[in-house]
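# Survey of secondary and tertiary structure
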Amino acid sequence: MQNLPNLREIRTFRPDVFKQPRGFVQPTFAHQSVVLEIGAGVGLHALTFARANPSAQVFAIERTAEKFQKFNQSHLSETSPNRNPIHADAIPWVVHAIPPACLQQVFILYPNPEPKNPAQRWFNMPFMQFLLSRMQPNATLTLASNITEYLDEAEQQMLHVWQLPYVRSAVTTERRTHFEIKYMERGEPCGNIVVTKPEGYTTPFDSYFSNAQ
Ligand SMILES: C[S@@+](CC[C@H](N)C(=O)[O-])C[C@H]1O[C@@H](n2cnc3c(N)ncnc32)[C@H](O)[C@@H]1O
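First things first, this report covers the structure right here in the doc. (Residues numbered from 1 in each chain as written. Predicted model: local features only at pLDDT ≥ 70, side-chain atom pairs only at ≥ 80, totals over all residues. Heavy atoms only, no water.)

## Concerning the sheet that holds strand E6 (residues 166-170)
Basically, it comes down to this: For two strands to be treated as a pair, DSSP must find at least two bridges joining them. Strands here are runs of E lasting at least two residues and helices are runs of H or I lasting at least four, both read from the DSSP assignment and numbered beginning at the N terminus. Note on geometry: axes are C-alpha line fits, over the in-contact stretch for helices, and angles between N-to-C directions span 0 to 180 degrees. Pairs of residues are marked as contacts when any of their non-hydrogen atoms sit within 4.5 Å.
Across the sheet, which stays open at both edges, the 7 strands sit in the order E3-E2-E1-E4-E5-E7-E6 with mixed pairing between neighbours. Each edge of the open sheet is held by one strand with a lone partner, namely strand E3 (83-87) and E6. Strand-to-strand twist of the sheet, defined as the mean angle between neighbouring strand axes without regard to direction, takes the value 15 degrees. Against the sheet, helix H2 (residues 65-77) engages strand E2 (56-62) and E3, with an angle of about 155 degrees to E3. Docked against the sheet, helix H3 (residues 90-97) engages strand E1 (33-38), E2 and E3, running at close to 145 degrees with respect to E2.

Take a look at the structure:
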């Protein structure tokens, strides 16, 4: 919590250094409402969200092969036409796949807390500014964690670095992911921070798209 970097200390993100992920296929965006989940695990939230929101196109990215295999198996046995499982590192995939001002919602649910490497926490990364540039005005980003200090730190970064409005709340009835189910069963204090991108919020990446025709 101490010695958090401010905006001047956070490096500028360099999208040009990221190569396309192996086997990359440029998605086509058939729906107006494009939703991204980063670190989707075995895909439970992506499945329930896609079912409940048939007019949304849900891209759910998972980097770990073993988790992705389970995710993909459940997807194949219970296909939801608007759910797209992606096996990739989210950072290069987003850089190459998502045009500016495209996303209506982003979910990062129970990210790895990175206890030894605070710079790898999502809200401390230079990539955050790029991700914000991919969001439409009034789009939301939902971060959930069972670690109070992780949410405290994210809140500080929202206030002082990214300067975005947000609402923090306790998780009460939600059971969105396997990690959330596990933590809630253990009685751990899970929470959400829902960040909104205001109209007129600008980033250096608002015109950047590597795959622009
Ligand atoms: C603690 S797990 C939570 C999984 C799921 N969201 C849940 O709540 O059940 C965090 C997940 O994020 C994935 N992850 C971490 N960094 C990632 C990245 N850069 N791109 C894609 N997935 C990532 C990890 O592989 C891991 O499966």
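What follows picks up the thread again.
## Concerning helix H6 (residues 178-185)
For clarity, the cut-off: Partly exposed residues are those whose accessible area sits between 20% and 50% of the maximum for their type, while under 20% is buried and over 50% is exposed, using a 1.4 Å probe and protein chains only. Here the arc refers to the directions that run from the helix axis out to each C-beta atom.
Among all positions in H6, only Glu180, Tyr183 and Met184 are buried. Burial along H6 is one-sided: seen end-on, the buried residues are contained in an arc of 95 degrees. Following H6 by one or two positions, Gly187 has its phi on the positive side, about 75 degrees.

## Brief notes about the site of the ligand
As a reminder of what qualifies: Neighbouring residues are identified by heavy atoms, a residue being near a molecule or strand if any of them is within 4 Å of it. N or O atoms within 3.5 Å of each other form a polar contact, as long as, within protein, one can give a hydrogen and the other can take it, and as long as residues adjacent in sequence are counted only when both atoms are side-chain atoms. When residues are grouped by polarity, Ala, Val, Leu, Ile, Met, Phe, Trp, Tyr, Cys and Pro land in nonpolar, Asp, Glu, Lys and Arg in charged, and all others, Gly among them, in polar.
Near the ligand, the surroundings consist of 16 residues, among which Gly39, Glu62, Thr64, Leu109 and Thr177 are the closest. Separating a nitrogen atom of the ligand from a backbone N or O atom of Arg63 is a distance of 3.3 Å. Lys67 places a polar side-chain atom, nitrogen or oxygen, 3.0 Å from an oxygen atom of the ligand. Split into classes, the residues belonging to the shell around the ligand amount to 6 nonpolar, 6 polar and 4 charged.

## Digging into the environment of Glu199
Mapped onto the elements of the fold, Glu199 is located in the segment after strand E7 (191-196). The exposure class of Glu199 is exposed, given its relative accessible area of 57%. C-alpha of Glu199 to C-alpha of Met125: the two residues are 74 residues apart in sequence and 23 Å apart in space. Apart from residues no more than four positions distant in its own chain, Glu199 is found in contact with Pro137 and Asn138. There is a polar contact of 2.9 Å between the side chain of Glu199 and the side chain of Asn138.

## Concerning the packing of aromatic side chains
This is how it is decided: Note on ring pairs: Phe, Tyr and Trp rings are taken, using the six-membered ring of Trp, and paired if centres are within 6.5 Å. Classes follow the plane angle, with under 30 degrees stacked, over 60 edge-to-face and the rest tilted. The criterion is that NZ of a Lys, or CZ of an Arg, lies within 6 Å of the ring centre and within 35 degrees of the ring normal, and then a charge sits over that ring.
Per the stated rule, a full pass over the model turns up 14 aromatic pairs. Ring pairs connect the aromatic residues Phe13, Phe18, Trp122, Phe127, Phe130, Phe205 and Tyr208, which therefore count as one cluster. Taking NZ or CZ as reference, Lys182 lies 4.3 Å from the ring centre of Phe179, over its face.

## Considering the nonpolar core
The following threshold applies: As used in this record, nonpolar core signifies buried Ala, Val, Leu, Ile, Met, Phe, Trp, Tyr and Cys residues forming a set joined through side-chain atoms within 4.5 Å.
Among the nonpolar cores identified, the biggest contains 44 residues, and Leu36, Trp93, Trp122, Phe127, Leu131 and Leu141 are the most heavily contacted of them. Not counting chain neighbours up to four residues away, the residues in contact with Leu141 comprise Val106, Ile108, Phe123, Met128, Leu131, Met135, Ile193, Val194 and Val195. Counting residues in each nonpolar core, the second largest holds 18 residues, with Ala40, Tyr110, Ala144 and Met184 among its members.

## Considerations on helix H1 (residues 44-52)
Taken together, the buried positions of H1 are occupied by His45, Ala46, Leu47, Phe49 and Ala50. Of the surrounding elements, those touching the buried residues of H1 are E1, E2, H2, E3 and strand E4 (103-109).

## What to know about unusual backbone geometry
A positive phi is found at Ala101, a non-glycine position, where the angle reads about 50 degrees. Relative to the assigned elements, Ala101 resides in the loop between H3 and E4. By relative accessible area, which is 41% here, Ala101 ends up partly exposed. For Glu114, which is not a glycine, the phi torsion comes out positive at approximately 50 degrees. Tracing the chain through its elements places Glu114 in the loop between E4 and helix H4 (127-134). Looking at Glu114, the relative accessible area reads 25%, which means it is partly exposed.

## Concerning the side chain of Ser133
Note that Ser133 resides in helix H4. Taking relative accessible area as the criterion, Ser133 reaches 1% and is therefore assigned buried. Here Phe130 takes part through its backbone oxygen, which lies 2.5 Å from a polar atom of the side chain of Ser133. Apart from residues lying up to four places away in sequence, Ser133 is in contact with Pro100, Ala101, Lys197, Thr203, Phe205 and Asp206.

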